[in-house]
Amino acid sequence: MVSDSGQSFGAGQISGAEQLAGSGPTFILAASTNSHGDEDGSVSQNLIQSEDTEISEALGVDDHGSGGMPQFDFTTYSPQIVWLVICFVVLYVLMARIALPRIGTVIEHRRDRIANDLDAAARLKEETDEVIAAYEAELAEARGRAHQIASETRDKLETELGKERMETEAALAKKTEAAEARIAETKAKALAEVDQAAADAAGDIVTALTGLTATKAEIDQAIVDARSGDRA
Amino acid sequence: MAAENASGGGHGFDPMHQFEIQRILPLNIGGLDVSFTNSALFMVIVVIAVSLMTIASMSGRALVPGRMQSIAELSYEFVANMVRENAGSAGMKFFPFVFTLFMFILFANMIGMIPFSFTVTSHIIVTFVLALVVFVGVTIVGFIKHGAGFLRLFAPSGAPMVLMPLLIVIEVISYLTRPVSLSVRLFANMLAGHTMLKVFASFVVMLGVWGGWLPLAAMVAFTGLEFLVAFLQAYVFAILTCIYLNDALHMHH
């Protein structure tokens, strides 16, 4: 492949040079006839093209079939360079003057817009946070106040209740005391009656047993002695 | 591509035929051949396609971009990042040039993938002129920026004095071969890819209905590969331009 193209490269070069020599004048002719009028120009162009093929056929050079690399046909260099330069410069001017500034501004505009939107969002979030904080502070305050009111009420109720209970207890204690006193009195009276009954019984027993009559003082003394002896 | 061959006038399967320059409108100004060729036609098509993509698609200037506007913006940011990362913010002055270069080569490569079309970048003279513009431009930028000090680029700092003459020769040669390597890389990739596709296409026709399936399958795969190469070579060309620019602007060695 490599050696093949190398050989044909030489052939292509020669054919190119011959073509240049052959076609050079006719091209100049074409340029000059073109200036006269469109109809004349097209006619002469056809003429030249047919002339070209005639020349290449006459020389036995086949443009396509030779296998020579078209890239090394030097006659094609000048039109390629000229049109490359024209096209590249036109494209550069279009890009540098119109396309790139336009794309750049659109991208920048979008970036600004996004940054602004983000700023706005951050600001709104801050405001929301503030509102939430205020609400929570108020809520906490209200809760505190409610708590205070509740505890105050409880305290008041407790003191009232305590007072009432104390009063009731005092009344109850007084009643209990009176009852106890009455009980003690009744008990003392009953005991005294028991003593009297016992003394009478004792005097009767002494009389019955001894025929003697014991004085009241003696009987009482004996009862006191007996009770103290019981206790001992 | 077989049809292309048939229309070419029965010259057999010549893989080089597709690279032929045809003068659509012969012109001669002052003895200089400036004919409007098929190559020129496709250069104009490339310019129109790039302009449509970058200018017409942005006509809406939409805040939320549509498909076409997204593509234009993506390519803008892609090249802008490439320049900024490889040549620094000082290189952004040359962003329009790198963008034009990248888009021109990319579209020329991609449009060349369309059957029956012509690949502008498959001609060494086109890629060489582009590479030469980069080379001359970068050299001028280097001298404007650093004056005669730009020549220190060829003398690596910290190298022993004994080796200096040798190193300077090597550096100068490597600097001078930049446009050659830059242009040949792109040209050779395009040439080889399109030639290979053509050869495989001819195999498909030669082997016919029974045997042609294998080369056809290979062709499908190679076509995918060629699209990758078309993008990659445009990218490589642009990124090397950025790297050369960086050398000229900052002279890091």
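Rules and cut-offs
The written sequence of each chain sets the order in which its residues are numbered from 1. Each chain takes a letter, starting from A, and each ligand takes a number, starting from 1, following the order in which they are written. pLDDT decides what is reported in this predicted model: residues at 70 or higher carry local features, side-chain atom pairs at 80 or more are listed and counted, and totals for whole chains, interfaces and linings draw on all residues regardless. With hydrogens and water set aside, each side-chain value is computed from the structure's full complement of heavy atoms. Under the DSSP-based scheme used, a helix requires at least four consecutive residues in state H or I and a strand at least two consecutive residues in state E, with every element numbered from the N terminus. Each residue's exposure class comes from its accessible area (1.4 Å probe, protein chains only) as a fraction of the maximum for that residue type: buried when under 20%, exposed when over 50%, partly exposed otherwise. Whether two residues are in contact is decided by their heavy atoms, any of which lying within 4.5 Å being enough. Each accessible area is a Shrake-Rupley estimate made with a 1.4 Å probe; only the visible protein chains count as cover when residues are assessed. Think of a salt bridge as a Lys or Arg side-chain nitrogen and an Asp or Glu carboxyl oxygen that are within 4 Å of each other. In protein, a polar contact means a hydrogen-donor-capable atom and an acceptor-capable atom, both N or O and within 3.5 Å, with residues adjacent in sequence counting only if both atoms are side-chain atoms; elsewhere, any N or O pair within 3.5 Å suffices. Only Asp, Glu, Lys and Arg are considered charged in this grouping, and only Ala, Val, Leu, Ile, Met, Phe, Trp, Tyr, Cys and Pro are considered nonpolar; every other residue, Gly among them, is considered polar. Buried Ala, Val, Leu, Ile, Met, Phe, Trp, Tyr and Cys residues that are joined via side-chain atoms within 4.5 Å together make up what is termed a nonpolar core. Confidence scores labelled pLDDT are given residue by residue by the predictor and lie between 0 and 100. Axis lines are fitted through C-alpha atoms, for helices just across the contact stretch, and the angle between N-to-C directions can take any value from 0 to 180 degrees. Angles are sorted into four bins: roughly parallel if under 35 degrees, roughly antiparallel if over 145, roughly perpendicular if 65 to 115, and oblique for all others. Here a crossing is called left-handed whenever its near helix is offset anticlockwise from the far helix by less than a right angle, and right-handed whenever the offset is clockwise.

**Q** Is there a simple way to explain the overall build of chain A in this structure?
**A** Across its full length, chain A holds 4 helices and 0 strands. The N-to-C order of helical and strand elements in chain A reads α-α-α-α. The buried share among the 232 residues of chain A stands at 19%. For chain A, the share of sequence-separated contacts (at least 6 apart) that also reach a separation of at least 24 residues comes to 56%. Only carbon and sulfur atoms are counted for the fraction: they give 60% of the accessible area of chain A, which is about 16,700 Å².

**Q** For this particular structure, what's the right way to read the pattern of salt bridges?
**A** Oppositely charged side chains can form a pair if their charged atoms are brought close together. Applying the stated criterion across every chain yields a total of 7 salt bridges over all chains. Glutamate 141 of chain A is paired through a salt bridge with arginine 145 of chain A; the nearest N and O atoms lie 3.2 Å apart. One end of the pair, glutamate 141 of chain A, and the other, arginine 145 of chain A, are both in helix α3 (residues 77-210), 4 residues apart, so they sit about a helical turn from each other. Residue classification places glutamate 141 of chain A among the partly exposed residues on the basis of a relative accessible area of 49%. Among the ionic pairs, aspartate 247 of chain B bridges to arginine 178 of chain B, the shortest N-O distance being 2.6 Å.

**Q** I keep staring at the interface of chain A and chain B and nothing clicks. Help me out?
**A** For an interface, size is often stated in terms of accessible area lost upon the parts coming together. Contact with chain A, which involves 46 residues of that partner, is made by 56 residues of chain B. Across the contact surface, chain A and chain B share 2 salt bridges. Counting every contact that joins chain A to chain B gives 10 residue pairs in polar contact (both at pLDDT 80 or more). Every element with two or more residues in the side of chain A that touches chain B is listed here: α1 (2-34), α2 (38-59) and α3 of chain A. For the side of chain A that touches chain B, the element with the most residues is α3 of chain A, which contributes 28 residues. Looking at the side of chain A that touches chain B residue by residue, the class counts come to 27 nonpolar, 13 polar and 6 charged.

**Q** How do you make sense of the environment of leucine 214 of chain B when you look at a structure like this?
**A** Residue and element names in this part refer to chain B. As for its placement among the helices and strands, leucine 214 is situated in helix α8 (residues 213-250). For leucine 214, a relative accessible area of 69% puts it in the exposed group. For the pair leucine 214 and phenylalanine 203, spaced 11 residues apart in the sequence, the C-alpha separation amounts to 9.2 Å.

**Q** When you look at the nonpolar core in this model, what are you seeing that I'm missing?
**A** Note that soluble globular proteins tend to have their nonpolar side chains buried in a common cluster. Judged by nonpolar contacts, the single largest core of 80 residues is most densely connected at Phe104, Leu130 and Phe237 of chain B. With near-sequence residues (within four places) excluded, leucine 130 of chain B lies in contact with Leu84 and Phe88 of chain A together with Leu101, Phe104, Ile105 and Phe237 of chain B.

**Q** Looking at this model, I keep getting lost on the side chain of asparagine 109 of chain B. Mind explaining?
**A** Residues and elements named next belong to chain B. As for its placement among the helices and strands, asparagine 109 is situated in helix α4 (residues 95-112). Under the relative-accessibility criterion, asparagine 109 is labelled buried at 0%. Within polar-contact distance, the side chain of asparagine 109 engages the backbone oxygen of alanine 230 at 2.9 Å. Apart from the residues lying within four places of it in its own chain, the contact partners of asparagine 109 are Thr121, Leu186, Met190, Ala230, Gln233 and Ala234.

**Q** Would you mind showing me how to read the confidence of the model for chain B here?
**A** In regions of low pLDDT, the predicted coordinates are not meant to be interpreted in detail. Per-chain confidence: chain B averages 90 in pLDDT, with 94% of residues scoring 70 or above. In this model, residues 1-11 of chain B is a region of pLDDT below 50 whose contacts with residues beyond four sequence positions or in other chains number 19 contacts.

**Q** Explain the packing of α4 of chain B against α8 of chain B here, please?
**A** Working note: a packed helix pair is described by the angle between its axes plus the distance between those axes. Residue and element names in this part refer to chain B. The N-to-C vectors of α4 and α8 enclose an angle of 160 degrees; their axes lie 8 Å apart at closest approach. For the element pair α4 / α8, the angle class is roughly antiparallel. Crossing of α4 over α8 shows right-handed handedness. Only Phe227, Ala230, Phe231, Gln233, Ala234, Tyr235, Phe237, Ala238, Thr241, Cys242 and Leu245 of α8 make contact with α4, whose side of the interface consists of Phe97, Val98, Leu101, Phe102, Ile105, Leu106, Asn109 and Met110.

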